[in-house]
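Per-entry structural report
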Amino acid sequence: MAGGAIVNTGGGKEYPGKLTLFVFLTCVVAATGGLIFGYDIGISGGVTSMDSFLEKFFPEVYRKEKKDTSTNQYCKFDSQLLTTFTSSLYLAALIASFLASAVTRAFGRKWSMFGGGLVFLVGAALNGAARNILMLILGRILLGIGVGFANQSVPVYLSEMAPAHLRGMLNIGFQLMITVGILAANLINYGTAKIKGGWGWRISLALAAVPAGIITLGALFLPDTPNSLIERGHSQEAKEMLRRIRGTDDIHEEYNDLVAASEESKLVKHPWANIMQRRHRPQLTMAILIPFFQQLTGINVIMFYAPVLFKTIGFGDNAALMSAVITGLVNVFSTLVSVFTVDKLGRRKLFLQGGFQMILCQIIVGTLIAIKLGTSGEGHFSKTYAGFMVFFICVYVAGFAWSWGPLGWLVPSEIFPLEIRSAGQSINVSVNMLFTFIIAQAFLAMLCHMKFGLFYFFAGWVVIMTTFIALFLPETKGVPIEEMILVWKAHWFWSKFISDDDVHVGNVEMSSGGKSKSVV
Ligand code: BGC
């Protein structure tokens, strides 16, 4: 096969080359960009449940919580002001991801990661030292900018660096780091909540500097991707990089395809106008709906509010924080399942299986709560009963952790042609952040009004998204990233949007069945 590429059944070529230690290490370092996002997701819920923090920055909320004698479990923690603290970061990230798109395209993926890490670092310092609400909010905005930049650049970097047949595994390193960040934050909160002097929250917030330091320093040592080097006119460097990351001299086929992709990309002066063209409708649809659906699984209800949720069902403070640690552990280990299966089973099977698992668990959890609290919200859970609930919540988290969690970042990062990849990824990040914001902001009010029905509400959404995947998402495993157009062209629905002229990748010809047949 030397000197040429072969076609795989998924509809693309396979280039020569193997997984080198070099590409593995660069992907591990880049994936640590996920730590800052994860740390933040995990830390805010715990901090906002600490009395000393509430007393200092949200005295009203604190007083209300202490005075609250209502017995309605569903409405105990409903406070818009408090949720604004958690969710403000996501608005900043939403806006920053658009800025990051231009930086990532013009200066390369690595500088977006570096910049994101640096801004996040300043935000962590400001938050740890916060004396007033202004410092707190300003810090949150800087953290959000950091997350926007990192989430925009890291997934794209990983998908471009990885050899096609291992792209899923290497890209999911990002989600794995998100889950590690969440778990680390849960553990830290568990420890700092016990600090007597009332300054535990400072440690929790300031320690965000650790993951920020890792990605900032790490990014300095990272090479840029061949795709980005070619796009920015460094052809020779790109060739050497490709040789190095593929561990072979036989890179001409892949190199030529990257150059062809870059030539096309140069014709595009306005990626934002280009992305609106009819032929990009399938990718645009996915870039909007995948992150939207990911948030509508309801996962962040658990990630942000696990301690509050567990308190609601009658756990003590300690047990509530401990349960958050348990779901955090399940999240990390279940993500590993997708790391090792995504390139064998493919994306679709994981999406569908994970979806079914989540639907079942949400119905069970909603029903368990309905039986005990009914619509009045009055009642208590026995230890065994609460144990059951935690178990099904864990099975739900596991389902998410090997489906929508990692795939929500992997799939959008691998489906765009080069010329609109940065813009497409910004749409993905911003839709994700927008709905993370909305869910974070609305959850406590929704729990108060929809009661146990909230779990049925999310189950309904998972039914919709699972059906959507079954009908509209083609399998992308193993297909080289610059040839993804073949996959859309072969799809029963999306092929209508792509004319034959749109397909001119390498020497691949389309057969009538839509599968690519011949190359070289
Ligand atoms: C999502 C986050 C979520 C996390 C949980 C990520 O993929 O984007 O919103 O909190 O997974 O592990």
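All values derive from a computational prediction rather than experimental measurement.

With that settled, the discussion passes to the overall build of the protein chain. When helices and strands are tallied, the protein chain shows 23 helices and two strands. In terms of C-alpha radius of gyration, the protein chain reaches 23 Å, essentially the compact-globule figure of 24 Å for 520 residues. C-alpha extents for the protein chain along the principal axes are approximately 75 × 45 × 40 Å. The burial tally for the protein chain puts 61% of its 520 residues in the buried class.

The residue Q283 is located in helix α15 (residues 281-296) in this model. If we ignore the near neighbours within four places in the chain, the residues touching Q283 are I415, F416, P417 and W488.

Given a rise of 1.5 Å per residue, 29 residues ought to cover 42 Å, and the 42 Å separating the end C-alpha atoms of helix α7 (residues 133-161) matches this to within 8%. Taking burial as the measure, the 29 residues of α7 include 21 buried ones, the bulk of the element.

Here we come to the confidence of the model for the protein chain. Of all residues in the protein chain, 92% have pLDDT values of 70 or greater, and the mean over the chain is 88. A low-confidence stretch, residues 1-11 (pLDDT under 50), is modelled with 32 contacts involving residues beyond four sequence positions or located in other chains. Confidence over residues 507-520 falls short of pLDDT 50; this stretch has 33 contacts with residues more than four positions distant or in other chains.

This next bit is on unusual backbone geometry. A positive phi is found at K451, a non-glycine position, where the angle reads about 55°. Along the chain, K451 turns up in the loop between α21 (418-450) and α22 (453-472).

By nearness alone, 14 residues border the ligand, and Q175, Q294, Q295, N300 and N331 come closest of all. Side-chain polar atom of Q295 to an oxygen atom of the ligand: 3.0 Å apart, as the coordinates give it. The separation between an oxygen atom of the ligand and a polar side-chain atom of N300 is 2.5 Å. Compared with its free state, where it exposes 310 Å², the ligand has 100% of that area covered by protein. Among the elements that line the shell around the ligand, the one with the most residues is helix α8 (residues 167-192), at three residues.

In this section: the side chain of K451. K451 sits in the buried class, given a relative accessible area of 19%. Setting aside residues up to four positions removed in sequence, K451 forms contacts with Y74, T375 and M446.

Turning our eyes to something else, we now look at the nonpolar core. The biggest cluster of nonpolar side chains holds 146 residues, and the ones touching the most others in it are F53, F58, M286, I369, W404 and M433. The greatest single-element share of this core, amounting to 13 residues, is contributed by α21. The residues contacting I369, other than those within four sequence positions of it, are Y74, G374, F381, M389, F452 and F455.

It is worth spelling out the packing of α7 against α21 at this point. Contact geometry of α7 with α21 gives a least axis separation of 9 Å together with a crossing angle of 135°. If you check the angle between α7 and α21, you find them oblique. In this structure, the crossing between α7 and α21 has a hand that is right-handed. Of the residues in α21, those touching α7 at V147, G148, N151, Q152, P155, V156 and E160 are L418, R421, S422, Q425, S426, V429 and M433. Residue classes in the contact of α7 with α21 are distributed as six nonpolar, six polar and two charged.

This part covers the environment of A212. In this fold, A212 is placed in helix α10 (residues 209-221). Distance from A212 to V122, taken between C-alpha atoms, is 9.1 Å for residues 90 residues apart in sequence. Once residues within four sequence positions are removed from consideration, A212 is found in contact with I36, G117, F120 and L121.

Evaluated as defined, the whole model comprises 29 aromatic pairs. One cation-aromatic arrangement involves K110 over W111; the distance from NZ or CZ to the ring centre is 5.1 Å. Positioned above the aromatic ring of F85 is the side chain of R140, whose terminal nitrogen or guanidinium carbon lies 4.5 Å from the ring centre.

Another aspect to go through is the pattern of salt bridges. Scanning all chains against the criterion turns up 14 salt bridges. Taking the shortest distance from any N to any O, the salt bridge between R421 and E160 comes out at 2.5 Å. Residue R421 is found in helix α21, and its partner E160 is found in helix α7; the two are separated by 261 residues along the sequence. Comparing R421 with E160 shows no difference in burial state: the two are buried. In this structure, R232 and D224 form a salt bridge, with 3.3 Å as the shortest nitrogen-oxygen distance. In the salt-bridge network here, residues are joined through shared partners; they are R105, R109, E160, E231, R421 and E482.

Time to look at the packing of helix α6 (residues 109-128) against α10. Packing of α6 against α10 leaves a shortest axis separation of 8 Å and a crossing angle of 155°. Viewed along their axes, α6 and α10 adopt a mutual orientation that is roughly antiparallel. The crossing of α6 and α10 is left-handed. Within the contact between the two elements, α6 uses K110, W111, M113, F114, G117, L118, F120, L121 and A124 and α10 uses A209, A212, G213, I215, T216, A219 and L220.

The rules behind the values
Residues numbered from 1 in each chain as written. Predicted model: local features only at pLDDT ≥ 70, side-chain atom pairs only at ≥ 80, totals over all residues. Heavy atoms only, no water. Helix = DSSP H or I, 4+ residues; strand = E, 2+ residues; numbered from the N terminus. Rg over C-alpha atoms; globule rule 2.2 N^0.38 Å. Buried < 20%, exposed > 50% of the residue type's maximum accessible area, 1.4 Å probe, protein only. Contact = heavy atoms within 4.5 Å. Expected span 1.5 Å × (residues − 1). pLDDT = per-residue confidence, 0-100. Near = heavy atom within 4 Å. Polar contact = N/O pair within 3.5 Å; in protein donor to acceptor, adjacent residues only side chain to side chain. Areas by Shrake-Rupley, 256 points an atom, 1.4 Å probe, with all protein chains shown as cover. Core = buried A, V, L, I, M, F, W, Y, C linked by side-chain atoms within 4.5 Å. Axes fitted to C-alpha atoms, helices over the stretch in contact; angles between N-to-C directions. Parallel < 35°, antiparallel > 145°, perpendicular 65-115°, else oblique. Left-handed = near helix turned anticlockwise from the far one by under 90°. Nonpolar A, V, L, I, M, F, W, Y, C, P; charged D, E, K, R; others polar. Phe/Tyr/Trp six-rings, centres within 6.5 Å; stacked < 30°, edge-to-face > 60°. Lys NZ or Arg CZ within 6 Å of the ring centre and 35° of its normal. Salt bridge = Lys/Arg side-chain N within 4 Å of Asp/Glu carboxyl O.

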